Amino acid sequence: MGVLEKEILAPVSGTYNLENYEAIRETFSWDDAAKGLSFEKTGKINAAYETIDRHVDEGYGDKIALHYVDGDERRILTFKEVKEKTDLYARVLRDNGVRKGDRVFVFLPKTPECYISILAIIKIGAIAGPLFEAFMEEAVKDRINDCKGTVLITDKEMVKRVPQSEIQSLHTILDVENIENTVYEETAADPVEWVDLEDGMLIHYTSGSTGKPKGVLHAHRAVIHHYVSGKWVLDVKDDDVYWCTSHPGWVTGSVYGLFAPWLNRATIVIQGGRFKAENWYRLIAELKVTIWYSAPTAFRMLLSQGDILKNYDLSSLRHVLSVGEPLNPEVIYWAWEQLGVRIHDTWWMTETGGHLIVNLPAEKIKPGSMGRPFPGITVGILDEKGKELPRGSVGQLAVRTPWPGLMKEIWGNQDRFDAYFKYEGWYVSGDLAYQDEEDYVFFQSRDDDMINSAGERIGPFEVESKLIEHPAVAEAGVIGKPDPIRGELVKAFITLRPGFTESKELLEEIRVFVRNNLAAHVAPREIEVLEELPKTVISGKILRRELKEMEILRTKKSN
Ligand code: PRX
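Everything numeric here is computed off the predicted structure, so don't read it as measured data.

## Structural notes on the overall build of the chain
For the chain, the helix and strand inventory stands at 18 helices and 25 strands. Over its C-alpha trace the chain gives a radius of gyration of 23 Å, about what one expects of a compact globule, namely 24 Å for 559 residues. Expressed along its principal axes, the backbone C-alpha trace of the chain runs to roughly 70 × 60 × 55 Å. Taking the contacts inside the chain whose residues are at least 6 apart along the sequence as the reference set, 69% of them involve residues at least 24 apart.

Structure below.
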């Protein structure tokens, strides 16, 4: 491949839902864009209705809505079947006292029941809180307690990780198996609750660099954003088989694993089980996946497995997308050479509710760039005073408010919400970036201590707080250490309490302590004992940045 082609990859010829980016940017309005949704005609909105029931009412009930694959297990559900199941779950929730605005959590593995539960909650006007399947007691407890969840849908295995006695607000735990076995009269009333565009529908907990995870609340209006970005960025068409590898406990798994593809009537793939390269390739070949949305860490793991992809027929893939962390150009070239597809990077955040910076399939991509602003979105690169910087300068990546996917609030915390809007008219992301003359945006780093490991956002404070609960740990500072596969890995620097001596066993015990209480993905992969931690002179706050600089310097030296 020539140098120029390597720098700027031209689109693969084909027909795409959005053919002309420049033209649409001139004329774009969110109202026009929402025209395919039914509330534009009826004036009645419910995100779950738009996502599933609408297709049944429009005559697509028999279309396959999902393929479920886990090991040797295979299941298929049509849109009509998904609708009926969400109706059933919705009725059970109502009968258990759930009302509009209540917070109902879902703690399930990646199964059809997990997706159906989320939709059922939203269908009756309640707010769905999907939890990541690997969470341990403390992570589950903190989240449900924060927004006073009243009901939880889970299963016999995962309920073991729900410390119900420590969650006062939680009055009911429903086992999916029991829900499935409930029978209603065929004449039971339609459970859909019509709501307002501004009513809450989904709450995702996410980490910042300080404090406990924050509850990011999204309103029903977000489906406008999900629908349009699904149409143009995911480029979903009727004969597509779409697979997003993320769990609905993360915003990618809910917005682009459930809402966006189903709002566009895609047949989706739900795959259970852990990451294994062979299984992933086999799944693409078996189900003839055409659109695939995953994360750089997963692509890097596949790349590191070398030639095994030659054993599978992956020719069905026509559109591949990435999100969550910087996508290295090497990965793009690998996919181009080995799979014959471009990987389209996308940038957004839990708080933004949908894509903001994208690579559209009909446009050229520049490896190293996250793409250009979605139609209707204006990006600004700001200095410390909130003034826009010229093209090419690195500054704070900000976006002009509002847009439909933008979060409605941070649950119960106005100050943390306001912190995103410190400059009039802008949402400030916390990322640093620059934009070139052709509008392409290039990510540089975070502007805070947030850690991004394998595309998962990890707050150092939460990990530090857990570490110092261990009897041997006096103080802790947690950072992201650069890592070739995971982007960053969680590294903890600790000091020990008097009477404890460093040993391999002790460090392992501390690591397992975090893993068993919070979640495996946040447990430090490395723990290093120091005599003391660097701190600010006045407030005595631990200086994570110094720890990080020290670590980066050492890595450079050893290479
Ligand atoms: O730092 C950016 C990084 O992930 C953060 C958002 O994390 P989260 O809310 O968990 O959402 C992940 C997926 C929506 C951002 O502030 N990030 C996200 N996408 C990219 C990225 N960094 C580089 N390139 C991306 N494409």
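## Looking at the UniProt feature "domain: AMP-dependent synthetase/ligase" (unreviewed entry) in the chain
Residues given the UniProt feature "domain: AMP-dependent synthetase/ligase" (unreviewed entry) here are residues 58–411. Across residues 58–411, helical content stands at 28% and strand content at 23%; the span's end C-alpha atoms are separated by 36 Å.

## Topic: the pairing of strand E9 (residues 241–244)
Here E9 shows a buried face lined by Val241 and Trp243 and a second buried face lined by Tyr242 and Cys244. The pairing of E9 with strand E10 (residues 267–271) spans 3 bridges and is classified as parallel. Its bridge partner lying in E10, valine 241 is registered against threonine 267. Handedness of the E9-helix H11 (residues 251–263)-E10 crossover: right-handed.

## Quick look at the pairing of strand E8 (residues 214–219)
Of all 6 residues that make up E8, 6 are buried, and the element is covered over most of its length. Burial of the side chains of E8 extends over both faces: Lys214, Val216 and His218 are buried on one face and Gly215, Leu217 and Ala219 on the other. Here strand E7 (residues 200–206) pairs with E8 via 6 bridges, running antiparallel. What sits directly across from histidine 204, in E8, is valine 216. Strand direction decides the pairing type here: E8 and strand E18 (residues 409–410), joined by 2 bridges, are antiparallel. By the bridge assignment, valine 216 is partnered in E18 with isoleucine 410.

## Details of the site of the ligand
Around the ligand, 21 residues are found, and the nearest of them are Trp347, Met349, Thr350, Phe443 and Arg457. Listing elements by their share of the shell around the ligand, those giving two or more residues are H11, strand E13 (343–347), strand E19 (426–435) and strand E20 (441–446). Grouping the amino acids of the shell around the ligand by side-chain chemistry returns 8 nonpolar, 8 polar and 5 charged.

## What to know about the sheet that holds strand E25 (residues 526–529)
The mixed open sheet is built from 3 strands, whose spatial order is E23-E24-E25. This sheet does not close on itself; its edge strands, each paired only once, are strand E23 (473–483) and E25. Averaged over all neighbouring strand pairs, the angle between strand axes comes to 25 degrees, with direction disregarded. Direction of pairing for strand E24 (residues 487–496) relative to E25: parallel, over a ladder of 4 bridges. Note that in E25 the partner of phenylalanine 493 across the bridge is glutamate 528. On the sheet, helix H16 (residues 460–467) packs against E23 and E24 and is oriented at approximately 140 degrees with respect to E23. Against the sheet, helix H18 (residues 544–558) touches E23 and E24, its axis set at about 50 degrees to E23.

## A closer look at helix H7 (residues 112–123)
For H7, with 12 residues, the first-to-last C-alpha span of 16 Å sits near the 16 Å given by 1.5 Å per residue. Buried residues dominate H7, accounting for 12 of its 12 residues. Along H7, the residues that are buried comprise Pro112, Glu113, Cys114, Tyr115, Ile116, Ser117, Ile118, Leu119, Ala120, Ile121, Ile122 and Lys123. Phi turns positive, to about 85 degrees, at glycine 125, one or two residues after H7.

## Description of the UniProt feature "domain: AMP-binding enzyme C-terminal" (unreviewed entry) in the chain
Taking the numbering used here, the UniProt-annotated feature "domain: AMP-binding enzyme C-terminal" (unreviewed entry) corresponds to residues 462–536. For the annotated span residues 462–536, helix accounts for 27% and strand for 33% of the residues, and the straight-line distance between the end C-alpha atoms is 20 Å.

## A look at unusual backbone geometry
Across the chain, the bulk of peptide bonds are trans and the bulk of non-glycine residues have phi less than zero. With an omega dihedral of -10 degrees, the bond running from threonine 401 to proline 402 counts as a cis peptide bond. With respect to the helices and strands, the residue proline 402 is situated in the loop between strand E17 (395–400) and E18.

## Thoughts on the packing of helix H13 (residues 296–304) against helix H14 (residues 329–338)
Two elements in contact, H13 and H14, have axes separated by 10 Å at closest approach and are oriented at 55 degrees. Looking at the two axes, H13 sits oblique to H14. Handedness of the crossing formed by H13 with H14: left-handed. Of the residues in H14, those in contact with Pro296, Phe299, Arg300 and Leu303 of H13 are Val331, Trp334 and Ala335. For the contact of H13 with H14, the class distribution of residues is 6 nonpolar, no polar and 1 charged.

## Concerning the environment of tyrosine 293
Topologically, tyrosine 293 is positioned in strand E11 (residues 291–294). Note: C-alpha distance between tyrosine 293 and threonine 252 (41 residues apart in sequence) is 9.2 Å. Apart from residues no more than four positions distant in its own chain, tyrosine 293 is found in contact with Leu234, Cys244, Tyr256 and Leu321.

## Considerations on the sheet that holds strand E1 (residues 64–70)
One open sheet accounts for 9 strands, arranged E2-E1-E10-E9-E11-E12-E13-E14-E15; its pairing is mixed. The two strands at the open ends of the sheet, each matched to only one other strand, are strand E2 (73–78) and strand E15 (372–373). Bridge count for strand E12 (residues 319–323) against E13 is 4 bridges, and the pairing is parallel. Its bridge partner lying in E13, leucine 321 is registered against histidine 344. Here helix H12 (residues 277–287) sits on the sheet in contact with E1, E9, E10 and E11, set at roughly 150 degrees to E10.

Rules and cut-offs
Residues numbered from 1 in each chain as written. Predicted model: local features only at pLDDT ≥ 70, side-chain atom pairs only at ≥ 80, totals over all residues. Helix = DSSP H or I, 4+ residues; strand = E, 2+ residues; numbered from the N terminus. Rg over C-alpha atoms; globule rule 2.2 N^0.38 Å. Contact = placed C-beta atoms within 7 Å. UniProt positions renumbered as here; feature names shortened; annotations may be inferred. Buried ≥ 20, exposed ≤ 12 C-beta atoms within 10 Å, placed from the backbone. Pairing = 2+ DSSP bridges. Right-handed = clockwise from strand over helix to strand, strands pointing away. Near = placed C-beta within 6 Å. Nonpolar A, V, L, I, M, F, W, Y, C, P; charged D, E, K, R; others polar. Axes fitted to C-alpha atoms, helices over the stretch in contact; angles between N-to-C directions. Expected span 1.5 Å × (residues − 1). Parallel < 35°, antiparallel > 145°, perpendicular 65-115°, else oblique. Left-handed = near helix turned anticlockwise from the far one by under 90°.

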